[in-house]
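Below, each chain spelled out in residue letters.
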Amino acid sequence: MNFFSFRRRRRFTRAITSTGMAILSAILVYFISSFSLPAVGAGELDIPPVNHGDRTRREKYRTSVFGDYTFGVINDTSGHYLDEWARGVRVTTFELHWRMYEPEPGVYNQAYIQQMKTRLAELKNRGWIVQLIPGYHYTPQWVFDTYPNMAYANQFGQAYLPDPVSQGDFRVINAIFNPQARALIGDYLARIFTDFPQSDPNYQFDAVRIGGGVQGELRYPPADWAGAKNSYWAFDPYAQNPEISGIPPALVGWRPGIDPNPGTVGRGQLLVNPGFEENFSNYPLFAWTVDPEVQYERINAGVAQGEFALKLTINAPHRAHQFVRVQP
């Protein structure tokens, strides 16, 4: 079971970047507000009852027994609430499944929604801090049937469309590169907050955990797929469009592990961007990796050849480098 903890404060806030990559990086967004926790009778969940008093007593009851830290669990199976509470756990996750929520386009499963609303209300009314997992990595099949390029594609021309039965339902949506995918996820999230109004204390989420795939927190498909090794999932039409993905034009169509290094084409170079002439907004020092301890500046004065050079300030044994594939 995975554990996480919060530093106890009146409000929790995390920033979300607006790029496509940020949407699938696991980001926690906290919006703690005032809590109203009316007592309820015993329900179906294994949740301890609470005798609520004034606000100070309620807030104290919600607090973990470990002082300034509040502990929670991820992927709670909902069968251990009493035991978790006795051990000081006060935060739990609440996961929805998009494919169950919206089984057909614009058709929402009211029975499923009501079931989940009842569960959330019981959790809230018994004092739990609840983190929403929207579950849009459980993508409905109609998304792939209706819209093009919803699957990731690798440099071998393979789409990531696993059998949901054998692969655990993780037929993930290409939200990193496909704008239509992000729009569909946005509509789904908006619907959640319509069905679970945050003005109602019974349905308030204390946090939202954003994540949308199968591979850890980065959310890309696996490197080994359908017999191919080192799959790089950035070869759908959106990923290969510089105006959408920000890929440098020099790399459009280049397939790592298959094609020659792009720096070799027409120049006889093993290095990419060997003279520091190429510069892109998303890659200020294109193709090079600079250690954090090294200060660098792309300059156009005192250049031996071409228009630019690289000025480094190195105060320790660190480096600016790139790796090259060579034949033995």
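Residues numbered from 1 in each chain as written. Predicted model: local features only at pLDDT ≥ 70, side-chain atom pairs only at ≥ 80, totals over all residues. Heavy atoms only, no water.

## Some remarks on the overall build of the protein
So, step 1. Counting secondary structure elements, the protein contains eight helices and 10 strands.
So, step 2. Counting only contacts in the protein whose residues sit at least 6 apart along the sequence, the fraction spanning at least 24 positions is 66%.
So, step 3. Put simply, the protein shows about 17,700 Å² of open surface, and 52% of that area lies on carbon and sulfur atoms. (Helix = DSSP H or I, 4+ residues; strand = E, 2+ residues; numbered from the N terminus. Contact = heavy atoms within 4.5 Å. Areas by Shrake-Rupley, 256 points an atom, 1.4 Å probe, with all protein chains shown as cover.)

## Here's the deal with the packing of aromatic side chains
So, step 1. In this structure the tally under the stated criterion is 18 aromatic pairs.
So, step 2. With centroids separated by 6.1 Å and ring planes inclined at 70°, the aromatic side chains of Phe94 and Phe196 adopt a geometry described as edge-to-face. Remark: Phe196 occurs in the loop between helix 7 (179-195) and strand 6 (207-210) and Phe94 occurs in strand 4 (residues 89-95); sequence separation between them is 102 residues. Like Phe94, the residue Phe196 is buried in the burial classification.
So, step 3. Ring geometry for Phe276 and Trp288: centres 5.3 Å apart, planes at 40°, overall tilted. Highlighted residues: Phe276 in the loop between helix 8 (242-245) and strand 7 (289-290) and Trp288 in the loop between helix 8 and strand 7, separated in sequence by 12 residues.
So, step 4. For Trp288, a relative accessible area of 17% translates into the label buried.
So, step 5. Following the ring pairs from residue to residue traces out a cluster consisting of Trp98, Tyr101, Tyr108, Tyr112, Trp142 and Tyr188.
So, step 6. Lying across the ring of Tyr203, Lys117 places its NZ or CZ 4.8 Å from the centre. (Phe/Tyr/Trp six-rings, centres within 6.5 Å; stacked < 30°, edge-to-face > 60°. Buried < 20%, exposed > 50% of the residue type's maximum accessible area, 1.4 Å probe, protein only. Lys NZ or Arg CZ within 6 Å of the ring centre and 35° of its normal.)

## Quick notes on the side chain of Asn273
So, step 1. Among the structural elements, Asn273 can be located in the loop between helix 8 and strand 7.
So, step 2. Judged by its relative accessible area of 2%, Asn273 falls in the buried class.
So, step 3. Only 3.0 Å separates the side chain of Asn273 from the backbone nitrogen of Glu278, close enough to count as a polar contact.
So, step 4. With near-sequence residues (within four places) excluded, Asn273 lies in contact with Glu278, Phe286, Ala287 and Trp288. (Polar contact = N/O pair within 3.5 Å; in protein donor to acceptor, adjacent residues only side chain to side chain.)

## Looking at a nonpolar patch on the surface
So, step 1. Taken together, Leu270, Val324 and Val326 make up a surface patch of nonpolar side chains, about 240 Å² in accessible area.
So, step 2. Along the chain, Val324 falls in the segment after strand 10 (320-321). (Patch = residues over 30% accessible without salt bridge, like charges linked within 9 Å, V, L, I, M, F, W, Y side chains within 5 Å. Salt bridge = Lys/Arg side-chain N within 4 Å of Asp/Glu carboxyl O.)

## Looking at the pattern of salt bridges
So, step 1. Inspection of the entire model under this criterion finds five salt bridges.
So, step 2. With a shortest N-O distance of 3.0 Å, Asp206 and Lys124 are connected by a salt bridge. Linking Asp206 in the loop between helix 7 and strand 6 with Lys124 in helix 5 (residues 110-125), this pair joins segments that are 82 residues apart in sequence.
So, step 3. The buried category is assigned to Asp206, whose relative accessible area is 2%.
So, step 4. Here Lys124 falls in the buried class, since its relative accessible area comes to 1%.
So, step 5. As a salt-bridge pair, Asp259 and Arg255 come within 2.8 Å of each other at their nearest N and O atoms.
So, step 6. We classify Asp259 as partly exposed; its relative accessible area is 23%.

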